[in-house]
Amino acid sequence: MSDDITTPQEEDMPQVPAGENEDSTASHSTYKVPTPDKPDTKFQLSGMFQNWFLDYASYVILERAIPHLSDGLKPVQRRILHSMKLLDDGRFNKVANIVGHTMQFHPHGDASIGDALVQLGQKDLLVECQGNWGNILTGDSAAAPRYIEARLSKFALDVVFNPKTTEWKLSYDGRKKEPVTLPVKFPLLLAQGAEGIAVGLSSKILPHNFNEILEAAVAYLRGEEFHLYPDFQTGGYIDVTKYNDGERGGSVKVRAKIEKIDNRTLSIVEIPYSKTTSSLIDSILKAQEKGKIKIRKVDDNTAQHAEILVHLIPGTSSDKAIDALYAFTDCEVSISPNCCVINDDKPHFMSVSDLLRISVENTKELLHQELLIQKGEAQEVLHFASLEKIFIENRIYKDREFEESRTMDEAIAHVDHRLEPFKPSFIREVTRDDILRLMEIKMARILKFNSDKADELIAAKREQIASIDYDIEHLVDYTIKWYDSLREKYGSRYPRLTQVRSFDTIEATKVAEANEKLYINREEGFIGTSLKKDEFVCNCSDIDDIILFYRDGKYKVVKVSEKMFVGKNLLHIAVFKKNDNRTIYNVVYRDGKAGLHYMKRFAVTGVTRDKEYDLTQGKPGSRVVWFSANPNGEAEVLRVTFVPKPRMKTLFVDRDFSEIAIKGRQSMGNILTKNEIHRISLKERGGSTLGGRKVWFDRDVLRLNYDGRGEYLGEFHGDDQVLVVLDNGEYCTTTSDATNHYDSNILRIEKFEPDKVWTVALFDASQGYPYLKRFVFEPSSRKQSFLGDNPASRLLLMTDTAYPRIEVTFGEGDAFREPLVVEATDFIAVKGFKAKGKRLTTYAVAEIRELEPLRREEDETAEGEIPTDETNPENRVDTPEDNPSGQMSLF
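Below is a summary of the structure that appears in this document. Computed from a predicted model, the values in this text were never measured in an experiment.

### Describing the sheet that holds strand E30 (residues 652–656)
- An order of E30-E29-E33 is seen for the 3 strands of this open sheet, with the pairing classed as antiparallel. What marks the edges here is a single partner per strand, and that holds for E30 and strand E33 (677–684). Direction aside, the axes of adjacent strands within the sheet are offset by 25 degrees on average.
- Alignment of strand E29 (residues 637–642) against E30, held across 5 bridges, turns out to be antiparallel. When the sheet's bridge partners are listed, Arg639 is paired in E30 with Asp654.

The structure is reproduced here in structure tokens:
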């Protein structure tokens, strides 16, 4: 191979003029192609690739993909901003012009520059945009560069540029100067975020909230603790439990914001970061095709704000559909941050907090440099003003020696001699250049010289220098003022858009739609979803597990499949729910071929899939003679009939499963009887032995749970409901199902009591006066307002006290009036929740508050009400509920 071969790496690398950067080039690669002795000489390329690939990888890491720690910018972004500053005249410039101008500094073509500029503009921080710049929600691209315009934002002009503190270097062709890094006085990298993929290295820094960054910077300067969490332009919810301060190994979960328009329509109004409405809709349609979620259609109404309407099939649970969207679509995504930056020409991995600290220290140093520059400039003005004042007032220019000087050197020497007595008062030594400047003073300046104005200027400069010295001595306070000024000037534009919340883990098996039907062929011993001509068992999803019980006491859990051989002696088959403590199996089994019969109750909460277990003691010939699966722990009564024998006093006995304790699945159980059994039959269906279910509400995830997390709502039986009251005056009642979704603006949530009387003070927007009403809530699965039809009406006070006292304090022109105290029970009777109520007053109201009641409900009971029976506090007779199917006798 000849020695004039050019590798692809050479074509991609910017060309460096001869004589420039020779040292840096030599430090990377020492390989040189030998000079051929003959034209047909060939060389091995192994050394060339080994060295040049390292150069290429280093170049991509340092000069293209990874942002710099000092200013938070990639090289292309830095060059774009530098070009825009050079072009800046306060007006918008065509993006095509900006791209062309940037190509003087960036050697990688106009496409990369244009894309980077569009991304900067879409982040709405450094660049003001005009025209169609695309849409981060839909993923639509921007218009052609010749149609759109841009200019630097005021924030960028305030924060990013200062040529006096900028370090410069030659551009790639040596014709221009460009900044090594820009003197950014703000943690720009945390505000904008960054993402880049280099050779063997990547960086992913999530964007954070503008105001929270400034608050954290001030907290750091004050020595206080701070925490930073991501904030995205697309909004949504974020769980930062495993954020790990943005370091490698951490992760965050981001969810779309989904609202319920009605029971059949969901609206996705905020989407996860890094997703678009198009990609989100595609993931929903794929989930629909796989049967994970039942939807009728999806409409995309996104414009300025995201709005994806998901229309559900009638009969589909909207709450379950929301969970399915999070479980099976891009409505929930996991993002793994990787904070990697360039510092000292090397990539460094660090945390978000460390990045902020370094940025704040860098900002403090830049402000210090600016103060020193300002002080030096003020000192120069003060020095020359003092020099000028002495030169003119002492009429040095009128001296004979000065006027008769034959050369400039003689004149300078004379002036320097005359200034000798005044030199101790100057802030620095008088130089030749200072005297030359005095020679350049125009005669008009001497004629119009005003000593008082000169003194004022000198005093002002001395005051300015003193102020600068104070700021330098109190540099931390000065830096805090800088951050506070940024927040005051620009903070209102950047409210937090992404709500920080804790997410509960959604189990896919619980929210997957039962899109399959499970069948069984008992004769051949097969089960599966493809056996459509055989016996139907139940509906299931394709990710469910199935539990199988056999007549010999064996049981196991298997995965749903199209067809699977399970054996012919199958006793019970059902969908298996992991960690289900309320599904109780009631069993009577014979221990061995001629052993005793035992009865036991147990739950199967967790097993290893495809592993075989035994509910008997494992003796050969054991057999299950009674089996029932009870989803709420029901316990039936069995009638056991014996084989007749001489002298036997009774031929049957009743056994109640409720008398048997629920134990582990491997327990032996209790002896049913020692007599020989003829048959076992069902005498009576029983009720649940597990009692009501205790329910809690976790405000962090806005969900009900049965694990003791959050505030306790009570013990719920059968048809008991949950009352939810919102702060906007709406209410609804729901079941106690843990899959329910709730709004974040909950005012009260508790167990619903149909007879509880509520007292509400409200401002009626239609009448313009405060009203008082007393009512009981009616069960309603849809939200209803108890404030009236006018949406501007607002809730002032709400209480469930039996005999509330309300105090009305007057304000404005009626502030002189004595407060009005109202006994609510005497003021108005209990009516429906839609009743208007009774007006409290026509005067201007400052405040309505509740006072301590003078009487209580228990006082009324003590005066004459009949107390309830202590053994049955509610005077209620409990009736057993019907046991679902699943019981069978095998005799």
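### Some details on the packing of helix H14 (residues 408–418) against helix H15 (residues 432–439)
- As a packed pair, H14 and H15 sit with axes 10 Å apart at the nearest point and diverge in direction by 105 degrees. The pairing of H14 with H15 is recorded here as roughly perpendicular in orientation. For the pair formed by H14 and H15, the contact residues are Met408, Asp409, Ala411, Ile412, Val415 and Asp416 on the first element and Arg432, Ile435, Leu436, Leu438 and Met439 on the second.
- Looking at the contact of H14 with H15 residue by residue, the class counts come to 8 nonpolar, no polar and 3 charged.

### As for unusual backbone geometry
- Its identity as a non-glycine residue notwithstanding, Asp245 has a phi of 60 degrees, on the positive side.
- Position of Asp245 among the secondary structure elements: in the loop between strand E8 (237–239) and strand E9 (252–255).
- Using a relative accessible area of 25% as the deciding quantity, one classes Asp245 as partly exposed.

### Remarks on empty space enclosed by the protein
- One pass over the structure, following the stated rule, counts 2 cavities of 30 Å³ or more.
- Approximately 40 Å³ is the volume found for the largest cavity.
- Forming the walls of the largest cavity are Leu69, Ser70, Asp71, Gly72, Phe186, Pro187, Leu188, Leu189, Leu355 and Ser359.
- The class makeup of the residues in the lining of the largest cavity is 6 nonpolar, 3 polar and 1 charged.
- When its volume is computed, the second largest cavity comes out at roughly 30 Å³.
- If you go around the second largest cavity, the residues you meet are Met599, Lys600, Arg601, Ile660, Ala661, Lys663, Ser667, Gly669 and Asn670.
- With 3 residues, the single largest contributor to the lining of the second largest cavity is strand E26 (residues 597–602).
- Counted by class, the lining of the second largest cavity contains 3 nonpolar, 3 polar and 3 charged residues.

### A short note on helix H10 (residues 277–289)
- Between the first and last C-alpha of H10 there are 18 Å, a value that for 13 residues agrees with the 18 Å anticipated at 1.5 Å per step.
- Of the positions making up H10, those classed as buried are Thr277, Leu280, Ile281, Ser283, Ile284 and Ala287. Down the axis of H10, the buried side of the element spans an arc of 160 degrees, and every buried residue falls inside it. More than 90 degrees from the buried face of H10, the exposed residues found are Lys286 and Glu289.
- Those residues of H10 that are buried are in contact with strand E11 (265–270), strand E12 (295–300), strand E13 (308–312) and helix H11 (318–328).
- Gly291, located one to two residues past H10, shows a positive phi value of around 80 degrees.

### Some thoughts on the sheet that holds strand E22 (residues 554–559)
- Taken in spatial order, the 4 strands line up as E24-E21-E22-E27 in an open sheet, and their pairing is antiparallel. At either end of the open sheet lies a strand with only one pairing partner, and these are strand E24 (570–576) and strand E27 (613–614).
- Across 2 bridges, E22 lies against E27 in antiparallel orientation. Looking across to E27, one finds that Tyr555 is bridged to Tyr613.

### Examining the side chain of Glu636
- By the element assignment, Glu636 lies in the loop between strand E28 (623–630) and E29.
- Buried within the structure, Glu636 lacks any salt-bridge partner; its nearest side chain of opposite charge belongs to Arg601, at an N-O separation of 6.6 Å.
- Within the structure, the side chain of Glu636 is placed 2.9 Å from the side chain of Trp626, a separation counted as a polar contact.

### Notes on helix H5 (residues 95–102)
- Listed in full, the buried residues belonging to H5 are Val95, Ile98, Val99 and Thr102. Projected onto a plane normal to the axis of H5, the buried residues spread over an arc of 100 degrees and lie on a single side.
- The elements touched by buried residues of H5 are helix H4 (75–87), strand E1 (93–94), helix H6 (110–122) and strand E3 (149–152).

### Comments concerning the pattern of salt bridges
- Applying the stated criterion to the full structure yields 48 salt bridges.
- As a salt-bridge pair, Asp319 and Lys260 come within 3.0 Å of each other at their nearest N and O atoms. Of this pair, Asp319 sits in helix H11 while Lys260 sits in strand E10 (residues 257–262); the two residues are 59 residues apart in sequence, bridging distant segments of the chain.
- Across the pair Lys554 and Asp614 runs a salt bridge whose closest N-O atoms are separated by 3.3 Å. Separated by 60 residues along the polypeptide, Lys554 in strand E22 and Asp614 in strand E27 bring together distant segments of the chain.

### Observations concerning the packing of aromatic side chains
- In this structure the tally under the stated criterion is 24 aromatic pairs.
- Residues Tyr585 and Phe602 carry aromatic rings whose centres are separated by 5.7 Å and whose planes lie at 35 degrees to one another, so their mutual orientation is tilted. One end of the pair, Tyr585, is in strand E25 (residues 584–590); the other, Phe602, is in strand E26, with 17 residues separating them in the sequence. The residues Tyr585 and Phe602 share a single accessibility class, namely buried.
- Measuring from centroid to centroid gives 5.6 Å for Tyr589 and Tyr598, while their planes differ by 20 degrees, and the two rings are stacked. Each of the two residues, Tyr589 as well as Tyr598, counts as buried.
- Taken together, the aromatic side chains of Phe549, Tyr555, Tyr585, Phe602, Tyr613 and Phe627 make up a single cluster linked through ring pairs.
- The ring of Phe384 carries Arg437 above its face, with NZ or CZ at 3.7 Å from the centroid.
- Positioned over the ring face of Phe602 is Lys600, at 5.1 Å from the centre of the ring.

### Quick look at the environment of Gly691
- Take Gly691: it is sitting in the loop between E33 and strand E34 (693–698).
- The spatial distance from the C-alpha of Gly691 to the C-alpha of Arg794 is 41 Å, given a sequence separation of 103 residues.

### Considerations on the nonpolar core
- Core analysis: the largest hydrophobic core is formed by 68 residues, its most contacted members being Leu126, Phe155, Phe186, Leu355, Leu356, Tyr483 and Leu486.
- Per-element tally for this core: the top contributor is helix H9 (residues 210–221), with 8 residues.
- Not counting residues within four places of it along the chain, the set of residues in contact with Tyr483 comprises Lys185, Pro187, Leu214, Ala217, Val218, Leu221, Ser359, Val360 and Thr363.
- Counting residues in hydrophobic clusters, the runner-up holds 27 residues, among them Ile281, Ile293, Val310 and Val511.

### Side note on the packing of H9 against helix H12 (residues 352–393)
- Between H9 and H12, whose axes approach to 10 Å, the crossing angle comes to 75 degrees. Considering their axes alone, H9 and H12 lie roughly perpendicular with respect to each other. Here H9 contributes Ile213, Ala216, Ala217, Tyr220 and Leu221 to the contact with H12, which in turn contributes Leu356, Arg357, Val360 and Glu361.
- In terms of residue class, the contact of H9 with H12 is made up of 7 nonpolar, no polar and 2 charged.

### Side note on the environment of Ile547
- With respect to the helices and strands, the residue Ile547 is situated in strand E21 (residues 545–550).
- C-alpha separation for the pair Ile547 and Val558, spaced 11 residues apart in sequence, amounts to 6.5 Å.
- Among all residues touching Ile547, those that are not within four sequence positions of it are Lys556, Val557, His572, Ile573, Ala574, Phe576, Tyr585 and Val604.

### As for the pairing of E34
- When E34 meets strand E36 (residues 711–716), the two strands line up antiparallel, connected through 5 bridges. In the sheet register, Arg693 faces E36, and the bridge partner there is Phe716.
- Here E34 folds back onto strand E35 (residues 703–705), and the loop between the two strands holds 4 residues, one of which, Leu702, carries a positive phi near 55 degrees.

Calculation criteria
- Residues numbered from 1 in each chain as written.
- Predicted model: local features only at pLDDT ≥ 70, side-chain atom pairs only at ≥ 80, totals over all residues.
- Heavy atoms only, no water.
- Pairing = 2+ DSSP bridges.
- Helix = DSSP H or I, 4+ residues; strand = E, 2+ residues; numbered from the N terminus.
- Axes fitted to C-alpha atoms, helices over the stretch in contact; angles between N-to-C directions.
- Parallel < 35°, antiparallel > 145°, perpendicular 65-115°, else oblique.
- Contact = heavy atoms within 4.5 Å.
- Nonpolar A, V, L, I, M, F, W, Y, C, P; charged D, E, K, R; others polar.
- Buried < 20%, exposed > 50% of the residue type's maximum accessible area, 1.4 Å probe, protein only.
- 1 Å grid on protein atoms, 1.4 Å probe; cavity = no way out; pocket = protein on both sides within 12 Å on 5 of 7 lines; lining within 4 Å.
- Points joined across faces, edges and corners; volume = space filled by probe spheres on them.
- Expected span 1.5 Å × (residues − 1).
- Arc of directions from axis to C-beta.
- Lys, Arg positive; Asp, Glu negative; His and termini not counted.
- Salt bridge = Lys/Arg side-chain N within 4 Å of Asp/Glu carboxyl O.
- Polar contact = N/O pair within 3.5 Å; in protein donor to acceptor, adjacent residues only side chain to side chain.
- Phe/Tyr/Trp six-rings, centres within 6.5 Å; stacked < 30°, edge-to-face > 60°.
- Lys NZ or Arg CZ within 6 Å of the ring centre and 35° of its normal.
- Core = buried A, V, L, I, M, F, W, Y, C linked by side-chain atoms within 4.5 Å.

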